[in-house]
Amino acid sequence: MTDGLRLDIDGAVATLTLDRAAALNALTVPVKVALREALESLASDRDVRAVILTGAGRAFCAGQDLAEREQPDAPPLDVEVRERYNPIIRAIRSMGQPVIAAVNGVAAGAGASLALACDLRIASEDARFVLAFGRIGLVPDSGATWFLPRIIGLARAAELALVGDQVDAAEALRIGLVSKVVPGDQLMLDARSLAVRLAAGAPLAMALTKEALQRSPTIDLDEALEGEAKLQGIAGLSADHAEGLSAFREKRPPRFTGS
Ligand code: T3D
């Protein structure tokens, strides 16, 4: 699709691979633009029901390409974050399909943020996370300060963000940063099999569930209960709900169509 990003679609599963292995898949402007466009286009593709994000070679993503950052014409950082990074994070969060980060190696800086923004994270034994921002005098961005406390709690988030130590795969699993760790050669098989399972789910219910989970940290129980009632009202009218009931009655797997 573009130098630095590959898109492969196999059945209902799309795999986006950051593909600048020599620079540990560091993010350049063309890659960021392509990633945003690909995510936005997948979001409206009804045939795609689950998305995997991964990296080529030994890294998931080393964050901002620092060579590009040193170019004299590099935009101010706030502009770059607002106009290039934030839309990618919003695209991941707002798309109805579940997004799995298959973290195959180091995830640093905004590369770690990308993984954090995904709905599910599975990692290879070689994965490691490092909020590298502080090391170069920057603050965590691309949602890292929002996602991290919600995923692993404020105290651990502070440790990662302020001390900046690397978290290896075993530790990431222990603190709930990833849900599974597998040998490197198993990672894409596992990611794909998880994606296929998710893709077999009811797309509307999946999107609404994603929406409810994302709202939960900022609302109280009463708002959550009312929100669930509203979303259930929507899901309850779907053809997929009727199909789910028929499949249960007929003791067969459901065939959800997304309607
Ligand atoms: O626009 C803006 O700037 C605002 C947005 C900011 C968002 C951010 O992401 S800021 C944080 C940027 N990322 C970093 O600071 C991470 C820098 N990289 C590292 O700290 C380390 O490379 C890693 C911990 C990720 C991995 O270490 P290691 O020892 O496994 O690999 P290495 O030897 O350091 O790197 C291998 C190659 O990748 C090397 O190139 P070479 O010498 O073989 O030609 C290295 O320069 C290159 N590389 C690694 N990270 C980046 C990179 N090249 C460009 N940009 C990188 N971020």
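Residues numbered from 1 in each chain as written. Predicted model: local features only at pLDDT ≥ 70, side-chain atom pairs only at ≥ 80, totals over all residues. Heavy atoms only, no water.

Novice: Would you mind going over the pattern of salt bridges with me for this structure?
Specialist: Opposite charge on two side chains lets them pair, provided their charged atoms get close. The final tally for this structure, using the stated rule, is 17 salt bridges. The salt bridge partner of Glu40 is Arg36, with a shortest N-O separation of 3.0 Å. You can see Glu40 and its partner Arg36 sitting in helix H1 (residues 29–43), four residues apart, about one turn around the helix. What makes Glu40 partly exposed here is its relative accessible area of 40%. A salt bridge links Lys230 to Glu226; the shortest N-O distance between them is 4.0 Å. Separated by four residues within a single helix, Lys230 and Glu226 lie in helix H10 (residues 221–236), roughly one turn from each other. (Salt bridge = Lys/Arg side-chain N within 4 Å of Asp/Glu carboxyl O. Helix = DSSP H or I, 4+ residues; strand = E, 2+ residues; numbered from the N terminus. Buried < 20%, exposed > 50% of the residue type's maximum accessible area, 1.4 Å probe, protein only.)

Novice: Just to check I follow, could you spell out the nonpolar core for this structure?
Specialist: For soluble globular proteins, nonpolar side chains are generally found buried alongside one another. Ranked by internal contacts, the top residues of the largest apolar core, which has 50 residues, are Leu114, Phe129 and Leu177. Apart from residues no more than four positions distant in its own chain, Leu177 is found in contact with Leu116, Arg121, Phe129, Leu148, Ile151, Ile152, Leu160, Val167 and Ala172. Counting residues in each nonpolar core, the second largest holds 12 residues, with Val13, Ala102, Val182 and Ala199 among its members. (Core = buried A, V, L, I, M, F, W, Y, C linked by side-chain atoms within 4.5 Å. Contact = heavy atoms within 4.5 Å.)

Novice: What exactly am I supposed to notice about the pairing of strand S3 (residues 50–55) here?
Specialist: For a regular strand, side chains alternate in direction, first toward one face of the sheet and then toward the other. Of all six residues making up S3, six are buried, and the element is well covered by its neighbours. Burial along S3 is two-sided: the face carrying Ala50, Ile52 and Thr54 and the face carrying Val51, Leu53 and Gly55 are both buried. As paired elements, strand S2 (residues 13–18) and S3 share six bridges and run parallel to each other. Within S3, the position partnered with Val13 by the bridge is Ala50. You can see the chain leave S2, run along H1 and come back into S3, and the turn it takes is right-handed. (Pairing = 2+ DSSP bridges. Right-handed = clockwise from strand over helix to strand, strands pointing away.)

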